[in-house]
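Chain by chain, the residues:
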Amino acid sequence: MKFGSATILVFFIAARLHAASGPDKWVAPAKTSRMVNPIPESSASIKLGKIVFMNNCVSCHGNQGRGDGLLVPNLPIRPADLASPDVWAQTEGALFWKISTGRQPMPTWEPVLKEEERWNVINFLHATFAPKTDGRLSNAPPAAAPTATKGGSGTKGPEVVQRPPAVPDLPRGPRDAPGLAATSAPAGASESEFVRRAEYDRLAREHAALRDEFEQFKKERAAGLAAVPVTKPASQEDVDDLQKAADALTKEMISIHPGTEKFFVAGDAFIGFTAQHHNNSTFSAGLAPLLLWKPTSNLLFESSFDLGLNTNPDASSSTSIDLTIADAIFFINDWLSIGGGVFVTPFGVYHTHFDPPWINKFADDPLPFGDRAIAPGSSLGLFVRGAKLVANSKIVYDVYVSNGPNVITTDRAAAGSLSFDNWNDINNNKAVGARIGFIPVPNLETGYSIFYGTASPSGFPSRVHATLQAVDINYRPDVPALAGTFDFRAEWIWSDVSKATYDPTGANGFGPLSFSNYRDGGYVQLCYRPTHVHNEIIRNFEIVSRWDLLRVPDRAPGGGREQRYTIGLDYWINPQAVLKLDYEFDRRAASLGPAQDALLLQLGLGL
Amino acid sequence: MNAAKLLTRVSAIIALAVLPMGCSSSPESSASSQPATGFLAALAPVHKTGAQIWAENCTRCHNPRPATQYSPQQWDVITSHMRVRCNLDGEEQREVWKFMSGV
């Protein structure tokens, strides 16, 4: 544990040092910096750019462009302040390249926004956020800016190039103005008001060429107008009709776009390796496809199954298929849904929220949800669920009825344990359950679950009832002072099964065996990811730690107390692929055999 | 054991108190009723944008996936699945769908 504490300390220090060292400079390639904005900064372009900005950028950069959008608490770095002089010290070509290319977490907008839209949004950004005192760097390379102000009036602020008055403000053309520097400025005059002779001559030539081109254009236009009949200017109604037609066409195009079927395949997978004391080391793998189909707006079908590899006692191997979800859900209204089939049991939140290997931050399940589970995974029955928004908080609820668990009565190794994989009702008595959750503030959820059913099979001499309860809490605060995000999750489960006598006649070779059957267990985990660190490699690491416990009556088969301390390091290859390395310190009662400390390695994938 | 029994009783009280609240109104009836005032007005849901709902709900459990990874139709199916899995309100599901689809 000393080693673990030292590791965490070193990691924190490294994270803080790196965060304090400032962001890596993001510089556009020189070639792209020379790109010219082909769209004039007209009111129409600004309006179109505003639409693009409000739909795509405002959630991160904020209404005022200050990099304070709603999503900032969840972003690993702070978005750029679009009113910053540093931003406008760059050329439009550089901004265009950055918007097009992106850099995590800023998306790559090239496949999403048309080139014209990206230029429009630059025009909007310049008109709205750029410091009013600046000139505009249309395509001057970054090196030109410091040259332009060097030895100038001495004013601080953005390094800008002021457009020389000698050059006419042309309608819009190539604005190539590198190296606008005066060699000898008169006293009292700003250097940026002058250009070299060579620059002036070149600009004058360009001006002359443009003037000729413009004259030619006027002649062609005059000729064209003479040939084209005069038409009535479009009215607002015509524009609206055209807009409606365009919207209809857009919808039609979307409807025939690939991926329009309301059928979706997702799921998860893992590849693992476990080296455990007193056991042979082994590789493992699993695949869990998830099939979704939404044929109408208020009907959803879900199906999922776990494909697993098993080694049988006779050393042969087999592949298992466990159906974990096969249900239909009907959305009655915004706060009520009903469904039926095989569904993930909303008892606690581990199975409903956290158990897919690309979401679970550890390579195995916590003890109460593992091989000796005391909580149900899936149930077969009917359910009602929904959510109710109250002010800034939310109440969520789940109520269900199912075939219920089955208490094992004849297996000498597991008598008294509950089996939740029983798809037939063995006693004509349904189980009922509910969970109510409360989300008082964003990123914090608490819940309480209860599950009750008769678990003894028909013909068993005792009537055995099972009452399960659970509490859960999860919280994910962003802590800029520690340059990262914490993830806290905890659950505790109580399983109260009626006292009974198993194998009362001794026919199964282990009875009569009677014991009080009260079990409990849970887990507490805390993880830290340095999401504010600018180095992407460091940012993708996550330190994970967990304590879990399971207590089973000593007299019960497989009885005894087991607890584990797990510490590990995850590396997020991308948002849905994680490489996990865990070490588990195992402590268990002597009745459960020697402690089995374990080293686990797992690649978890979300499909 | 005592803690478990206490929790059983607490759960019964919570169920009796809260579930009727969730079943006592419908969108139609609330739309046609008079605007709430005072304490009831304070309980009215705070309107949130799709981006805000996405940030508050999705990232609590898993890393967010890029919006461009799926088509609007696929996002409709995915957000409906997540509505079931993590108890999103219908309005929340629609807002998140709009946000992820760029609609």
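Scroll up to find the structure.
Presented here is an overview of the structure given in this document.

Conventions adopted
- Residues numbered from 1 in each chain as written.
- Chains lettered and ligands numbered in written order.
- Predicted model: local features only at pLDDT ≥ 70, side-chain atom pairs only at ≥ 80, totals over all residues.
- Heavy atoms only, no water.
- Salt bridge = Lys/Arg side-chain N within 4 Å of Asp/Glu carboxyl O.
- Buried < 20%, exposed > 50% of the residue type's maximum accessible area, 1.4 Å probe, protein only.
- Patch = residues over 30% accessible without salt bridge, like charges linked within 9 Å, V, L, I, M, F, W, Y side chains within 5 Å.
- Areas by Shrake-Rupley, 256 points an atom, 1.4 Å probe, with all protein chains shown as cover.
- Lys, Arg positive; Asp, Glu negative; His and termini not counted.
- Charge placed at Lys NZ, Arg CZ, Asp CG, Glu CD.
- Helix = DSSP H or I, 4+ residues; strand = E, 2+ residues; numbered from the N terminus.
- Contact = heavy atoms within 4.5 Å.
- Buried area = accessible area lost by both parts, 1.4 Å probe.
- Polar contact = N/O pair within 3.5 Å; in protein donor to acceptor, adjacent residues only side chain to side chain.
- Nonpolar A, V, L, I, M, F, W, Y, C, P; charged D, E, K, R; others polar.
- Axes fitted to C-alpha atoms, helices over the stretch in contact; angles between N-to-C directions.
- Parallel < 35°, antiparallel > 145°, perpendicular 65-115°, else oblique.
- Pairing = 2+ DSSP bridges.
- Core = buried A, V, L, I, M, F, W, Y, C linked by side-chain atoms within 4.5 Å.
- Phe/Tyr/Trp six-rings, centres within 6.5 Å; stacked < 30°, edge-to-face > 60°.
- Lys NZ or Arg CZ within 6 Å of the ring centre and 35° of its normal.

All names here are of chain A. The tally for this structure, following the rule as stated, stands at 27 salt bridges over all chains. Of the charged contacts, one joins Arg-588 and Asp-586 as a salt bridge, the two residues approaching to 2.7 Å between their closest N and O atoms. Residue class for Asp-586 comes out buried when judged on its relative accessible area of 1%. Residues joined by salt bridges that share partners form a network here, namely Asp-364, Arg-546, Asp-548, Arg-564 and Glu-584.

Residues and elements named next belong to chain A. On the surface, a cluster of negative charge is made up of Glu-237, Asp-238, Asp-240 and Asp-241. Structurally, the position occupied by Asp-240 is in helix H10 (residues 236-255). For Asp-240, a relative accessible area of 36% corresponds to the partly exposed category.

This part is about the interface of chain A and chain B. At the junction of the two partners, chain A supplies 67 residues and chain B supplies 58 residues. For the pair chain A and chain B, the two sides together bury roughly 5,600 Å², of which 60% comes from carbon and sulfur. Linking chain A to chain B there are 5 salt bridges. Along the contact surface separating chain A from chain B lie 24 residue pairs in polar contact (both at pLDDT 80 or more). Its residues assigned to classes, the side of chain A that touches chain B shows 37 nonpolar, 16 polar and 14 charged.

This part takes up a nonpolar patch on the surface. All names here are of chain A. Judged by side-chain polarity, Phe-330, Ile-332, Ile-338, Val-384 and Val-399 come together as a nonpolar surface patch covering roughly 350 Å² of accessible area. By the secondary structure assignment, Phe-330 is in strand S4 (residues 317-333). Exposure remark for Phe-330: the relative accessible area of 34% places this residue in the partly exposed category.

A word on the packing of helix H4 (residues 50-57) of chain B against helix H6 (residues 90-101) of chain B. The packing of two helices is summarised by the inter-axis angle and the distance between the axes. Residues and elements named next belong to chain B. Viewed as axis vectors pointing N to C, H4 and H6 meet at an angle of 105°, and their least axial separation amounts to 7 Å. By the angle between their directions, the pair H4 and H6 is classed as roughly perpendicular. For the pair formed by H4 and H6, the contact residues are Gly-50, Ala-51, Ile-53, Trp-54 and Asn-57 on the first element and Glu-92, Glu-95, Val-96, Phe-99 and Met-100 on the second. Tallied by class, residues from the contact of H4 with H6 come to 6 nonpolar, 2 polar and 2 charged.

This part is about the pairing of strand S2 (residues 282-296) of chain A. All names here are of chain A. As paired strands, strand S1 (residues 263-276) and S2 are joined by 12 bridges and run antiparallel to one another. Each residue of the ladder has a partner; that of Val-265, found in S2, is Leu-291. The antiparallel pairing of S1 with S2 creates a hairpin that spans 5 residues between the two strands, and His-278 there sits at a positive phi of about 65°. Pairing geometry for S2 and strand S3 (residues 299-311), over 7 bridges, is antiparallel. The residue bridging Thr-296 from the neighbouring strand is Leu-299, located in S3. A loop of 2 residues connects S2 with S3, the two strands running antiparallel in sequence.

A few words on the pairing of strand S19 (residues 598-606) of chain A. Residue and element names in this part refer to chain A. Residues Ala-598, Leu-600, Gln-602, Gly-604 and Gly-606 of S19 are buried on one face, while the alternating residues Leu-599, Leu-601, Leu-603 and Leu-605, pointing to the opposite face, are not. The sheet contact formed by S1 and S19 spans 9 bridges and is antiparallel. By the bridge assignment, Phe-270 is partnered in S19 with Gly-604. In the sheet, strand S18 (residues 577-588) pairs with S19 via 8 bridges, with the strands oriented antiparallel. Bridge pairing in S19 places Glu-584 opposite Ala-598.

Residue and element names in this part refer to chain A. In this fold, Val-464 is placed in the loop between strand S11 (444-454) and strand S12 (465-475). Between the C-alpha atoms of Val-464 and Asn-406, which are 58 residues apart in sequence, the distance is 9.5 Å. Not counting residues up to four positions away in its chain, the partners in contact with Val-464 are Val-407, Gly-453, Thr-454, Ala-455, Ser-456, Val-497, Ser-498 and Ala-500.

Let us look at the nonpolar core. By size, the foremost hydrophobic cluster in this structure holds 60 residues, and its most contacted members are Phe-264, Phe-347, Phe-354, Leu-418, Ile-493 and Tyr-502 of chain A. Discounting chain neighbours no more than four positions away, the residues touching Phe-354 of chain A are Val-349, Ile-359, Asn-360, Asn-474, Arg-489 and Tyr-523 of chain A together with Cys-61 of chain B.

Any two aromatic rings considered together are summarised by their centre-to-centre distance and by the angle between their planes. All names here are of chain A. In total, this model carries 23 aromatic pairs over all chains according to the counting rule given. A connected cluster of aromatic rings, assembled from ring pairs, spans Phe-343, Phe-347, Phe-383, Tyr-400 and Phe-451. The positively charged end of Arg-385 is found above the aromatic ring belonging to Phe-383, 5.0 Å away from the centroid. We note Arg-489 situated over the ring of Phe-354; from NZ or CZ to the ring centre the distance is 3.9 Å.

A few words now on unusual backbone geometry. Residue and element names in this part refer to chain A. Positioned with a positive phi, His-278 is a non-glycine residue whose angle comes to about 65°. Looking at the secondary structure, you find His-278 in the loop between S1 and S2. Classification of His-278 as exposed rests on a relative accessible area of 58%. Positive phi outside glycine occurs at Ala-391, with the angle close to 55°.

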